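Listed below, chain by chain, are the residues.
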Amino acid sequence: MIDIRKLKELVRLMVDNDLTELNLQDQAETVTVKRGYGQAPMIHAAPVHPSVALGATRAGGDEEAGSAAATPPPPPPPAADSEAGLVAVVSPMVGTFYSAANPDSPPFSAPGTVVSTEFTVCLIEAMKVFNEIKAGVNGTVERVLVQNGQAIEYGQKLFLVRPS
Amino acid sequence: MFSRILIANRGEIALRIIRACREMGVESVCVYSEADRDAPYLKLADQAICIGPPSAKESYLNIARIIAAAEVANVDAIHPGYGFLSERPEFAQACRDCKIEFIGPTPEAMARLGDKVACKKAAKEAGVPVFPGSPDALEDEDEAASIAASIGYPVIVKASAGGGGRGMRVCRDEAALRASLKSASTEAQAAFGNGAVFIEKFLENAQHVEIQVIGDKFGSAIHLWERNCSMQRRHQKVIEEAPSPGLSREKIRPVAEAAVRLIQLAKYHGAATCEFLMDAEQNFYMLEVNTRVQVEHPVTEEITGIDIVKTMIRVAAGEKLPYAQKDVQIRGHAIECRINAEDPARNFMPQPGPVSKWEPPGGPGVRMDTHVVTGYVVPKFYDSMIAKLIVHADDREQCIARTSRALREFKVEPIKTTIALHQRLMEDELFRKGTMDIHYLERLLK
């Protein structure tokens, strides 16, 4: 069964990046999404077992599938407005992001955490060395932009902080 | 074969390696500095990772950042390209420590052939012709003077740890020699952190001839014949060609075979180039060994039909060399023109900035190795080479004619380039005869 959240994500990806056609294939399924300007994206999913069919033209049946096909995805929020007034904490290095000291500990920071310039907001690990990343600004964390265990590149935005 | 390779380089060579990976079904991960963020060739890699700010020291020369990128991208191997970290044994060692395959020699083989003094020793053992000169770093002036007397002036004082023309002084008599030893040593200490110097016989009017070799991890090695790179400016090559004009296979074969023995002796696997100076009598004297792929590798690829970059990747992955020496045949002649973003009319001043018009040549026998497209912005932080125009034809005369034809089609605006200089050199009498020496271009430009 195709994950509807995945499909919605695919559609959003297409609109954000102005793609006209997206074709994904793995061992279980093939998904093709085509988009024409001014039209709602059409979704054609072809899983390995043809008995489970999901098409944009289906009336009734699976409620979620129907709504995904019929409703055009909302336009993505303009990036500039959503970051207005916020300061980004960027990575000074390449490595893997860890939100907490170890898997059992609470995260260093989350939306609402009050931070100062020397406050450790996360760890970035490279070559088995864990580096404490400092906020570099006084304020409150508004958004966490990355996930625990994610690969991070130099200059990548990690957090958005509302400065005090 | 590797699943994924990280390319620790930029520009045209990064694109060259991306292409080889793509053809072999290997995923490519390319690092980049902030100055290269918008470079179009990055989109041709499967993944691109920003590793630092524009300065090379904090990006392409930064071992920690590159290894970190290799780890997060989960690669099997790293290709260092040329320049940057490609000849740093500590980088090859760092790769080994992190269990990532370095596409090149072991740190030990690289260090041995990269050190001029150790390399010369190994070369003698392998039967590679070397410069008569001091056997090791010099003890004192008197030793230098007596060695110079035996090999005959002029001699050249060179830094043991150096290269690229620095720390070098030509001496035509003993007085000059004694004066130069002190200053050369001081300069070497400042530039390379090592004040050791040695002396060699100096050749006037020599040509630069180099042998391409490649070996696998099983001790097999072959040569891919030679290249002539005599057109140089400030020790930087401007035009390269293969094979060397007027050089018979009988004359070059023993030298090429000795170069093969040298890399086998040093237990060297991967691509290497053995550089020589050749005098008017076609005697050869080894300069140094470059333990990496070279900028001018395409001319050898064109005349032999062998993909050097793919072969490097294959041997690094543990495959046997797919060619025996008898499989290496020369067909025709190839010339490479290094196109730089420089203004020849203003002492080759670098020309960074946007390229609004980029009309490269095409047609039969014309190969363009470049990362530049229309709209590309040449960054100011790195070297000025923006393209390599490689031309192949049935013989040297037709190759020169074809190169002239291609250069005429090549239009770049608004930045100045060395295209017009290359056009002039294709018409040059000495170049057409093939008798230019390594100082000819500089004399011509004066």
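In this text, all values refer to a predicted model and were calculated from it rather than measured experimentally.

**Student:** Summarise the overall build of chain B; cite the residues concerned and give the values.
**Tutor:** Secondary structure assignment for chain B yields 14 helices and 22 strands. Expected size for 446 residues packed as a compact globule is a radius of gyration near 22 Å; at 21 Å, chain B falls within 12% of this value. With the principal axes as the frame, chain B shows a C-alpha extent of 60 × 50 × 45 Å. Residue pairs at least 24 apart in sequence account for 64% of intrachain contacts in chain B once pairs closer than 6 positions are excluded.

**Student:** Lay out the overall build of chain A in plain terms, naming residues and giving numbers.
**Tutor:** Per the secondary structure count, chain A includes 3 helices and 12 strands. A total of 164 residues make up chain A; the buried ones form 23% of that total. The contacts of chain A with a sequence gap of at least 6 include a subset with a gap of at least 24, amounting to 55%.

**Student:** Explain the interface of chain B and chain A to me, using residue names and the numbers behind them.
**Tutor:** Reports of interface size often rely on the accessible area that becomes lost once the parts have come together. Opposite the 14 residues of chain B that make contact, chain A presents 10 residues. Counting residues per element, the ones that place at least two in the side of chain B that touches chain A are strand S3 (47-52) and helix H2 (63-72) of chain B. Here the element with the most residues in the side of chain B that touches chain A is H2 of chain B; it accounts for 7 residues. Of the residues assigned to the side of chain B that touches chain A, the class counts are 10 nonpolar, 1 polar and 3 charged.

**Student:** Tell me what's going on with the sheet that holds strand S8 (residues 120-126) of chain A, and back it up with residues and numbers.
**Tutor:** All names here are of chain A. Pairing is antiparallel across the open sheet formed by 4 strands, whose spatial order is S9-S8-S6-S11. Every interior strand has two partners, whereas the edge strands, strand S9 (129-134) and strand S11 (151-152), have only one. In this sheet, S11 lies alongside strand S6 (residues 95-98) in antiparallel orientation, the contact comprising 2 bridges. The partner of Thr96 across the bridge, within S11, is Ala151.

**Student:** Tell me what's going on with the confidence of the model for chain A, and back it up with residues and numbers.
**Tutor:** Residues and elements named next belong to chain A. Residues of chain A with pLDDT of at least 70 account for 71%, and the chain-wide mean is 78. Taken element by element, chain A is modelled with least confidence in strand S4 (residues 54-55), mean pLDDT 36, and with most confidence in S6, mean pLDDT 97. Confidence over residues 48-78 falls short of pLDDT 50; this stretch has 32 contacts with residues more than four positions distant or in other chains.

**Student:** Any chance you could break down helix H3 (residues 89-97) of chain B for me, citing the residues and the numbers?
**Tutor:** Residues and elements named next belong to chain B. All buried positions along H3 are accounted for by Pro89, Phe91, Ala92, Ala94 and Cys95. As for H3, its buried residues are in contact with H2, strand S4 (77-79), strand S5 (101-102) and helix H4 (107-114). Trailing H3 by a residue or two, Lys99 shows a phi angle of about 60°, which is positive.

**Student:** Report on the environment of Ala259 of chain B, specifying residues and quantitative values.
**Tutor:** Residues and elements named next belong to chain B. The residue Ala259 is located in helix H8 (residues 249-265) in this model. A tally of 29 C-beta atoms within 10 Å means that Ala259 is categorised as buried. Put simply, Ala259 and Pro129 are 130 residues apart on the chain and 9.4 Å apart in space, counted from C-alpha to C-alpha. Among residues more than four places away in sequence, those in contact with Ala259 are Val128, Ile211, Val213, His223 and Cys274.

**Student:** Give me the lowdown on the packing of helix H11 (residues 396-409) of chain B against helix H12 (residues 419-427) of chain B, citing residues and values where you can.
**Tutor:** To characterise two packed helices, one gives the angle between the axes of the helices and the distance between these axes. All names here are of chain B. The contact between H11 and H12 brings their axes to 10 Å, and the two run at 150°. In terms of orientation, H11 and H12 fall into the roughly antiparallel class. Relative to H12, the crossing made by H11 is left-handed. The residues of H12 that touch H11, namely those facing Ile400, Thr403, Ser404 and Leu407, are Ile419, His422, Gln423 and Met426. The residue makeup of the contact of H11 with H12, split by class, is 4 nonpolar, 4 polar and no charged.

**Student:** A description of the confidence of the model for chain B should follow, citing residues and the corresponding values.
**Tutor:** Averaged over all residues, the pLDDT of chain B equals 95, while 99% of them reach at least 70. Scored as a complex, the prediction yields pTM 0.83 and ipTM 0.79.

**Student:** For H11 of chain B, give the residues involved together with the corresponding values.
**Tutor:** All names here are of chain B. For H11, spanning 14 residues, the distance from its first C-alpha to its last is 20 Å, which sits close to the expected 20 Å at 1.5 Å a residue. By the burial criterion, the buried members of H11 are Cys399, Ile400, Arg402, Thr403, Ala406 and Leu407. The arc that holds the buried residues of H11, viewed along the axis, is 165°, so those residues lie on one side. More than 90 degrees from the buried face of H11, the exposed residues found are Glu397, Arg408 and Glu409. Considering only its buried residues, H11 is in contact with strand S14 (333-340), strand S19 (366-370), strand S21 (385-393), H12 and helix H13 (429-433).

**Student:** Go over the pairing of strand S2 (residues 27-33) of chain B, please, and point to the residues and values.
**Tutor:** Residue and element names in this part refer to chain B. Along S2, 6 of the 7 residues are buried, which leaves the element largely enclosed by surrounding structure. Relative to S2, strand S1 (residues 4-7) runs parallel, the two being bridged by 4 bridges. Bridging across to S2, Ile7 finds its partner in Cys30. After leaving S1, the chain enters helix H1 (residues 11-24) and then returns to the sheet as S2, a path that is right-handed. Here S2 runs beside S3; their pairing, made up of 5 bridges, is parallel. Within the sheet, the bridge partner assigned to Val29 lies in S3 and is Gln47.

**Student:** I'd like a description of the domain arrangement of chain B, backed by residues and values.
**Tutor:** Here chain B is described as being made up of domain 1 (4-103), domain 2 (130-201) and domain 3 (207-445). The distance between the C-alpha centroids of domain 1 of chain B and domain 2 of chain B comes to 37 Å.

**Student:** Which residues make up the pairing of S21 of chain B, and what values go with them?
**Tutor:** All names here are of chain B. Counting buried residues in S21 gives 8 out of 9 residues, a clear majority hidden from the surface. The pairing of S14 with S21 spans 8 bridges and is antiparallel. When the bridges of S21 are listed, Asn340 appears paired with Met385. In terms of strand pairing, S19 meets S21 through 5 bridges, oriented antiparallel. Across the sheet, residue Arg367 finds its bridge partner in S21, namely Ile390.

Reading the values: rules and limits
Residues numbered from 1 in each chain as written. Chains lettered and ligands numbered in written order. Predicted model: local features only at pLDDT ≥ 70, side-chain atom pairs only at ≥ 80, totals over all residues. Helix = DSSP H or I, 4+ residues; strand = E, 2+ residues; numbered from the N terminus. Rg over C-alpha atoms; globule rule 2.2 N^0.38 Å. Contact = placed C-beta atoms within 7 Å. Buried ≥ 20, exposed ≤ 12 C-beta atoms within 10 Å, placed from the backbone. Nonpolar A, V, L, I, M, F, W, Y, C, P; charged D, E, K, R; others polar. Pairing = 2+ DSSP bridges. pLDDT = per-residue confidence, 0-100. Axes fitted to C-alpha atoms, helices over the stretch in contact; angles between N-to-C directions. Parallel < 35°, antiparallel > 145°, perpendicular 65-115°, else oblique. Left-handed = near helix turned anticlockwise from the far one by under 90°. Expected span 1.5 Å × (residues − 1). Arc of directions from axis to C-beta. Right-handed = clockwise from strand over helix to strand, strands pointing away. Domains from an automatic or database assignment.

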